Amino acid sequence: MSEAQMEPCVDTKDYLLEKVTLDNTPDIGDKTGEIFLDHLELAITDCRKLIAQGFRLTDFWSDPDVGLEFKLMKKKAPGDSCAIVMSRSD
């Protein structure tokens with residue numbers, strides 16, 4: 001079953017890196033693609049939340065064997081860490 005998820009934040013020297021992924025495992029019984037589109041909407045919502053926190057969408061890619069990945073980065077300000085990243089439940 002396809003699933004959208006936020007990968008754990010990576011704290012580098014100058015940037016915070018966040019990835020939002022959507023695997024492409026088919027949903028049995030999803031003959032119209034509606035469930036996949038619902039999960040894609042969740043991934044987009046996660047990206048928008050990160051953008052609202054100061055992240056920028058820097059890259060995205062898709063692979064028919066893997067799925068979708070959105071890469072977002074934020075230049076660190078003093079005191080910034082991965083603790084500022086909101087989860088989907090926020």
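What comes next concerns the included structure.

About the thresholds
- Residues numbered from 1 in each chain as written.
- Predicted model: local features only at pLDDT ≥ 70, side-chain atom pairs only at ≥ 80, totals over all residues.
- Heavy atoms only, no water.
- Phe/Tyr/Trp six-rings, centres within 6.5 Å; stacked < 30°, edge-to-face > 60°.
- Lys NZ or Arg CZ within 6 Å of the ring centre and 35° of its normal.
- Disulfide = S-S within 2.5 Å.
- Helix = DSSP H or I, 4+ residues; strand = E, 2+ residues; numbered from the N terminus.
- Buried < 20%, exposed > 50% of the residue type's maximum accessible area, 1.4 Å probe, protein only.
- Polar contact = N/O pair within 3.5 Å; in protein donor to acceptor, adjacent residues only side chain to side chain.
- Contact = heavy atoms within 4.5 Å.
- Expected span 1.5 Å × (residues − 1).
- Arc of directions from axis to C-beta.

## Considerations on the packing of aromatic side chains
Reasoning step 1: In the structure shown here, the tally under the stated rule is one aromatic pair.
Reasoning step 2: We note K75 situated over the ring of Y15; from NZ or CZ to the ring centre the distance is 5.4 Å.

## Remarks on the state of the cysteines
Reasoning step 1: Within this structure, the stated rule accounts for one disulfide.
Reasoning step 2: The disulfide partner of C9 is C82, and the gap between their sulfur atoms is 2.2 Å. Residues C9 and C82 share a disulfide whose torsion about the S-S bond is about -70°; that sign makes it left-handed. One end of the pair, C9, is in the loop between strand 1 (4-6) and strand 2 (10-11); the other, C82, is in the segment after strand 5 (67-75), and 73 residues separate them in sequence.
Reasoning step 3: According to the relative accessible area criterion, C9 is partly exposed, its value standing at 21%.
Reasoning step 4: Cysteine C47 shares no disulfide, and the gap to the nearest cysteine sulfur, in C9, comes to 14 Å.

## A look at the side chain of T21
Reasoning step 1: Within the secondary structure layout, T21 lies in strand 3 (residues 15-23).
Reasoning step 2: Note on T21: relative accessible area 13%, which makes it buried.
Reasoning step 3: One polar contact links T21 to E7, side chain to side chain, over a distance of 3.0 Å.
Reasoning step 4: With near-sequence residues (within four places) excluded, T21 lies in contact with E3, A4, Q5, E7, L68 and E69.

## So, the environment of T32
Reasoning step 1: With respect to the element layout, T32 can be found in the loop between strand 3 and helix 1 (34-52).
Reasoning step 2: According to the relative accessible area criterion, T32 is exposed, its value standing at 68%.
Reasoning step 3: Each C-alpha atom, one on T32 and one on C82, is 38 Å from the other, the two residues being 50 residues apart in sequence.
Reasoning step 4: Of the polar contacts made by the side chain of T32, one reaches the backbone nitrogen of E34; its length is 3.3 Å.

## Remarks on helix 1
Reasoning step 1: Look at helix 1: 27 Å from first C-alpha to last across 19 residues, which is about the 27 Å you get at 1.5 Å a residue.
Reasoning step 2: Within the sequence span of helix 1, burial applies to H39, L40, A43, D46, C47 and L50. Across the axial projection of helix 1, the buried residues extend over an arc of 115°, all falling on one side. Opposite the buried face of helix 1, at more than 90 degrees from it, the exposed residues are E34, E41, R48 and A52.
Reasoning step 3: Just beyond helix 1, the residue with positive phi is G54, at close to 105°.

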